[in-house]
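# Geometric and topological summary
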Amino acid sequence: MLKTIEGFNRIGEENAFAVLARATELARTGKDIINLGIGQPDFRTPDHIVEAAVKALRDGHHGYTPATGILPLREGVAADIEKRIGVAVDPDKVVVVPGGKVTMFMAILMFGEPGAEILYPDPGFPIYRSMIEFTGATPVPVPIREKNDFAFSAEETLGLLTPKTRLIILNSPANPTGGVTPRAEIEKLVAGLAARPDIAILSDEIYGQMTYDGAVHTSLLEFEAIRDRLILLDGWSKTYAMTGWRMGYAVWPQALIDKARKLAVNCWSCVNAPAQYAGLAALEGPQDAVADMMREFDKRRKLVVDGLNALPGVSARTPTGAFYAFPNISATGWKAKPLASALLEETGVATIGGPDFGILGEGYIRLSYANSAENIARALERMGEFLSEKAK
Ligand code: PLP
């Protein structure tokens, strides 16, 4: 018997990929599937970005690049952050990685070990807990509550800190809830964290440019008091519809940048060179495609929320970020995972059960509105028929 490390008895997965596989399998058998499960924009990467990658290949960018990314791209990231967030960032603190997920992997590996406690949002992106468990650290869930419009509470978060806390993971705008934490709450949290310079902060801001109804995204990078321990996670996947390109970046504090660079050298050497040129074109080129995509998401958001609230036993808050709705389904009498599974098998509508995002996700399902308005309307109709017939 091969004996791998203990962590593999604890590592988890992202069930969205399993749902996608099942939905694809059902579609192959001829079933009409409407996929509201997947967390990726249903738009093509804008043409000028694709062309930049093709040009990079034609121009001979076929070799290794520096491990942290080509300098023009790191400068481009710094310029983009300065423009959007108003903070000057040293390009030498930027590490370009193969997807936003890689930064959370790195940060959790840096701080996770038996005896350490790591705070993470629940419900939240499932990889946070999975990786914390893998390292042997103790996962400490921070409850994300519907009554708070799925914002995190500074008071509740600070109340969970102990002398063993080594890392705290924050995510706003959030997956799976679409919640956006208001600035006042973030200010309160920062004030509390300022007294704990021994705790690193990973702020996952991958949906930072995806807000609606005038909701304003507040970047943790704005707060100087914590900048020496802040890891900012962002990337191209969502904003530029580039999930398959595997392009992400982080801004690391001085104390961690060399460790981050060494992880890059030890694992992936550098990100695919033409993809880096595409990433630069995305940041420096026209942003109309982003605005167009957000206008379309906004229309669908309203359709989804109104449609969900008209279903028997379902109530949905209006999310102000990302492209997910997280309706409360407890009054249907169904548990969330059996409901998501029955919806897929019996009606062909793919969603994700809330417990796939943490224990506190029970009573909810996640719908991604990365699908056409027409398909969303069809999905809601099927869900309505199903729930009318099969209410428990
Ligand atoms: N962070 C959050 C909150 C996400 O929802 C996702 C993707 O779904 C990621 C990070 C990872 O993004 P990427 O595809 O760039 O690895």
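Residues numbered from 1 in each chain as written. Predicted model: local features only at pLDDT ≥ 70, side-chain atom pairs only at ≥ 80, totals over all residues. Heavy atoms only, no water.

## Here we look at the side chain of His-217
For His-217, the location among the structural elements is in the loop between strand S6 (200-204) and strand S7 (230-235). A relative accessible area of 16% means that His-217 is categorised as buried. Engagement of the side chain of His-217 in a polar contact is seen with the backbone oxygen of Ser-172, the distance being 3.4 Å. Engagement of the side chain of His-217 in a polar contact is seen with the side chain of Glu-205, the distance being 3.0 Å. With residues near it in sequence (within four places) discarded, His-217 still touches Ser-172, Pro-173, Glu-205, Gly-208 and Thr-211. (Helix = DSSP H or I, 4+ residues; strand = E, 2+ residues; numbered from the N terminus. Buried < 20%, exposed > 50% of the residue type's maximum accessible area, 1.4 Å probe, protein only. Polar contact = N/O pair within 3.5 Å; in protein donor to acceptor, adjacent residues only side chain to side chain. Contact = heavy atoms within 4.5 Å.)

## Side note on the site of the ligand
Surrounding the ligand, one finds 14 residues, the nearest of these being Gly-100, Asp-204, Tyr-207, Ser-237 and Lys-238. Taking Gly-100, its main chain carries an N or O atom lying 2.7 Å from an oxygen atom of the ligand. At a separation of 2.6 Å, an oxygen atom of the ligand approaches a polar side-chain atom of Ser-237. When the ligand is considered free in solution it has 390 Å² of accessible area, and contact with the protein chains removes 94% of it. The greatest single-element share of the shell around the ligand, amounting to three residues, is contributed by helix H4 (residues 100-111). For the shell around the ligand, the per-class residue count stands at five nonpolar, five polar and four charged. (Near = heavy atom within 4 Å. Areas by Shrake-Rupley, 256 points an atom, 1.4 Å probe, with all protein chains shown as cover. Nonpolar A, V, L, I, M, F, W, Y, C, P; charged D, E, K, R; others polar.)

## Description of the sheet that holds strand S2 (residues 94-97)
Strand order in the open sheet formed by seven strands is S2-S8-S7-S6-S5-S3-S4, and the pairing between neighbours is mixed. Bordering the open sheet on either side are S2 and strand S4 (138-143), each of which pairs with just one other strand. In this sheet, adjacent strand axes meet at a mean angle of 20° when their direction is disregarded. Two strands pair when backbone bridges link them, and S2 and strand S8 (residues 248-251) are joined in this way by four bridges, in the antiparallel orientation. Bridging from a neighbouring strand, Val-96 pairs with Tyr-249 of S8. With respect to the sheet, helix H3 (residues 71-85) is in contact with S2, S7 and S8, its orientation differing from that of S8 by roughly 70°. (Pairing = 2+ DSSP bridges. Axes fitted to C-alpha atoms, helices over the stretch in contact; angles between N-to-C directions.)

## A closer look at empty space enclosed by the protein
Inspection of the entire model under this criterion finds three cavities of 30 Å³ or more. Considering only enclosed or pocket space, the largest cavity measures out at about 60 Å³ in volume. The wall of the largest cavity is formed by 14 residues, among which Pro-121, Pro-123, Ile-144, Asn-171 and Ala-174 lie closest to the centre. A class-by-class count of the residues in the lining of the largest cavity yields seven nonpolar, seven polar and no charged. Here the second largest cavity is characterised by a volume of approximately 40 Å³. If you trace the second largest cavity, you find it lined by Asp-80, Arg-84, Gln-209, Asp-234, Gly-235, Trp-236, Thr-239, Tyr-240, Tyr-249 and Leu-283. (1 Å grid on protein atoms, 1.4 Å probe; cavity = no way out; pocket = protein on both sides within 12 Å on 5 of 7 lines; lining within 4 Å. Points joined across faces, edges and corners; volume = space filled by probe spheres on them.)

## A word on the domain arrangement of the protein
A common measure of how large an interface is: the accessible area buried when the components associate. In terms of domain boundaries, the protein breaks down into domain 1 (6-45 + 288-389) and domain 2 (63-284). In this structure, domain 1 and domain 2 have C-alpha centres spaced 25 Å apart. With 41 residues of domain 1 in contact, the opposing surface of domain 2 contributes 39 residues. Between domain 1 and domain 2 lies a buried interface of about 3300 Å² when both sides are counted; carbon and sulfur atoms form 58% of it. When the buried surface of domain 1 facing domain 2 is broken down by residue, Arg-317, Thr-320 and Phe-357 rank first, second and third, together holding 19% of it. Along the contact surface separating domain 1 from domain 2 lie three salt bridges. Residue Glu-14 is joined to Lys-101 by a salt bridge in which the shortest nitrogen-to-oxygen separation is 2.8 Å. Viewed at the interface, domain 2 and domain 1 are joined by 23 residue pairs in polar contact (both at pLDDT 80 or more). Counting only elements with at least two residues in the side of domain 1 that touches domain 2, the list comes to helix H10 (288-309) and strand S9 (324-325). (Domains from an automatic or database assignment. Buried area = accessible area lost by both parts, 1.4 Å probe. Salt bridge = Lys/Arg side-chain N within 4 Å of Asp/Glu carboxyl O.)

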